[in-house]
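Residue-level listing of the chains:
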Amino acid sequence: EAGVAQSPRYKIIEKRQSVAFWCNPISGHATLYWYQQILGQGPKLLIQFQNNGVVDDSQLPKDRFSAERLKGVDSTLKIQPAKLEDSAVYLCASSVSSDFRNTGELFFGEGSRLTVL
Amino acid sequence: SQQGEEDPQALSIQEGENATMNCSYKTSINNLQWYRQNSGRGLVHLILIRSNEREKHSGRLRVTLDTSKKSSSLLITASRAADTASYFCAYNTNAGKSTFGDGTTLTVKP
């Protein structure tokens with residue numbers, strides 16, 4: 001079974017530029033998550049999708065971050081314009097659970113490491 | 001911080017010793033999970049314990065949950081150099097909110 005795919009693995013941009021990350025979850029997984037992980041910290045949830053609907057985006061900085069999940073399958077996370085403090089690893093995860101209130105095992109991708117100069 | 005808290009932040013032991021790391025949280029939970037992360041990689045699920053369970057085993061892993069104290073512990077027995085990684089707890093509420101702690105970095109010396 002293929003795992004969660006993410007691209008690109010690494011990205012370096014100047015501040016105020018834009019960047020987009022892509023995620024393809026495990027086939028059949030209803031729930032998709034984007035997490036931000038700053039060096040030395042645990043993952044922080046940015047947005048959670050149930051199929052193609054948003055369940056939780058309370059910690060997403062909506063003035064610069066946006067995300068969409070096309071047709072309930074793959075997803076893109078965009079940052080525009082980027083700030084220095086956005087330097088982090090962006091992790092995508094998926095879960096087979098179709099009940100967002102009953103979070104089961106999360107399957108993570110390898111992450112996309114962003115450096116903002 | 002809305003994150004769970006884990007301690008210790010870092011732990012260094014010799015191969016063959018046991019490693020214990022703790023996680024505390026602040027709200028009622030549906031379940032609590034432990035994940036492992038090798039440097040530069042994604043997180044890998046280790047074990048899930050439900051709120052009505054007190055202890056769970058998986059191979060060399062033993063997890064306990066005390067909902068009255070809002071805490072959990074992960075014990076790795078007979079550690080190996082390959083166990084060197086960061087370990088995170090994630091607690092999940094009935095509202096579907098999943099919150100990760102800041103992790104314990106474990107170093108196992110050969």
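Novice: Break down the overall build of chain A for me, with residues and values.
Specialist: The secondary structure content of chain A amounts to 0 helices and 11 strands. From first element to last, N terminus to C terminus, chain A shows the α and β order β-β-β-β-β-β-β-β-β-β-β. For 117 residues, the compact-globule estimate of 2.2 N^0.38 gives 13 Å, and the C-alpha radius of gyration of chain A, at 13 Å, lies within 12% of that figure. Partitioning the contacts of chain A with sequence separation of at least 6, the portion at a separation of at least 24 is 55%. Within chain A, one finds 13 positive and 12 negative side-chain charges whose respective centroids are separated by 6 Å.

Novice: Lay out the pattern of salt bridges with the relevant residues and their values.
Specialist: Side chains bearing opposite charge may pair, as long as their charged atoms lie close to each other. Considering all chains together, one arrives at 7 salt bridges over all chains under this definition. Note that arginine 64 of chain A and aspartate 86 of chain A form a salt bridge whose closest N and O atoms lie 2.5 Å from each other. Taken together, the positions of arginine 64 of chain A in the loop between strand S6 (53–56) and strand S7 (65–69) and aspartate 86 of chain A in the loop between strand S8 (75–79) and strand S9 (88–95) put the pair 22 residues apart, joining distant regions of the chain. The burial state of arginine 64 of chain A is the same as that of aspartate 86 of chain A; both residues are buried. Between arginine 36 of chain B and aspartate 83 of chain B there is a salt bridge, with the nearest N and O atoms lying 3.9 Å from each other. Of this pair, arginine 36 of chain B sits in strand S4 (residues 31–37) while aspartate 83 of chain B sits in the loop between strand S8 (71–76) and strand S9 (85–92), and the two are 47 residues apart along the sequence. Considered together, arginine 36 of chain B and aspartate 83 of chain B belong to a single accessibility category, that of buried residues. Sharing partners across several salt bridges, the network here consists of Arg36, Arg60 and Asp83 of chain B.

Novice: Would you mind going over the nonpolar core in detail, with residue names and values included?
Specialist: The biggest cluster of nonpolar side chains holds 22 residues, and the ones touching the most others in it are Met21, Leu32, Trp34, Leu74, Ile76 and Leu106 of chain B. Looking at this core, the elements with two or more residues in it are strand S2 (10–14), strand S3 (19–24), S4, strand S5 (43–50), strand S7 (61–66), S8, S9 and strand S11 (104–109) of chain B. The leading source of residues in this core is S9 of chain B, at 4 residues. Counting residues in hydrophobic clusters, the runner-up holds 21 residues, among them Ile26, Ile47, Leu60 and Ala88 of chain A.

Novice: For the packing of aromatic side chains, give the residues involved together with the corresponding values.
Specialist: The description of an aromatic ring pair rests on the distance of the ring centres and on the angle between the ring planes. Residues and elements named next belong to chain A. Inspection of every chain in the model, using the stated rule, returns 9 aromatic pairs over all chains. Judged by centre distance (6.0 Å) and plane angle (25°), the rings of tyrosine 33 and tyrosine 35 are stacked. Note on tyrosine 35: relative accessible area 0%, which makes it buried. Where phenylalanine 65 meets tyrosine 90, the ring centres are 6.3 Å apart and the plane angle is 45°; that geometry is what we call tilted. Of the two residues, phenylalanine 65 is situated in strand S7 and tyrosine 90 in strand S9; the sequence distance between them amounts to 25 residues. As far as burial versus exposure is concerned, phenylalanine 65 and tyrosine 90 are alike and both buried.

Calculation rules
Residues numbered from 1 in each chain as written. Chains lettered and ligands numbered in written order. Predicted model: local features only at pLDDT ≥ 70, side-chain atom pairs only at ≥ 80, totals over all residues. Heavy atoms only, no water. Helix = DSSP H or I, 4+ residues; strand = E, 2+ residues; numbered from the N terminus. Rg over C-alpha atoms; globule rule 2.2 N^0.38 Å. Contact = heavy atoms within 4.5 Å. Lys, Arg positive; Asp, Glu negative; His and termini not counted. Charge placed at Lys NZ, Arg CZ, Asp CG, Glu CD. Salt bridge = Lys/Arg side-chain N within 4 Å of Asp/Glu carboxyl O. Buried < 20%, exposed > 50% of the residue type's maximum accessible area, 1.4 Å probe, protein only. Core = buried A, V, L, I, M, F, W, Y, C linked by side-chain atoms within 4.5 Å. Phe/Tyr/Trp six-rings, centres within 6.5 Å; stacked < 30°, edge-to-face > 60°.

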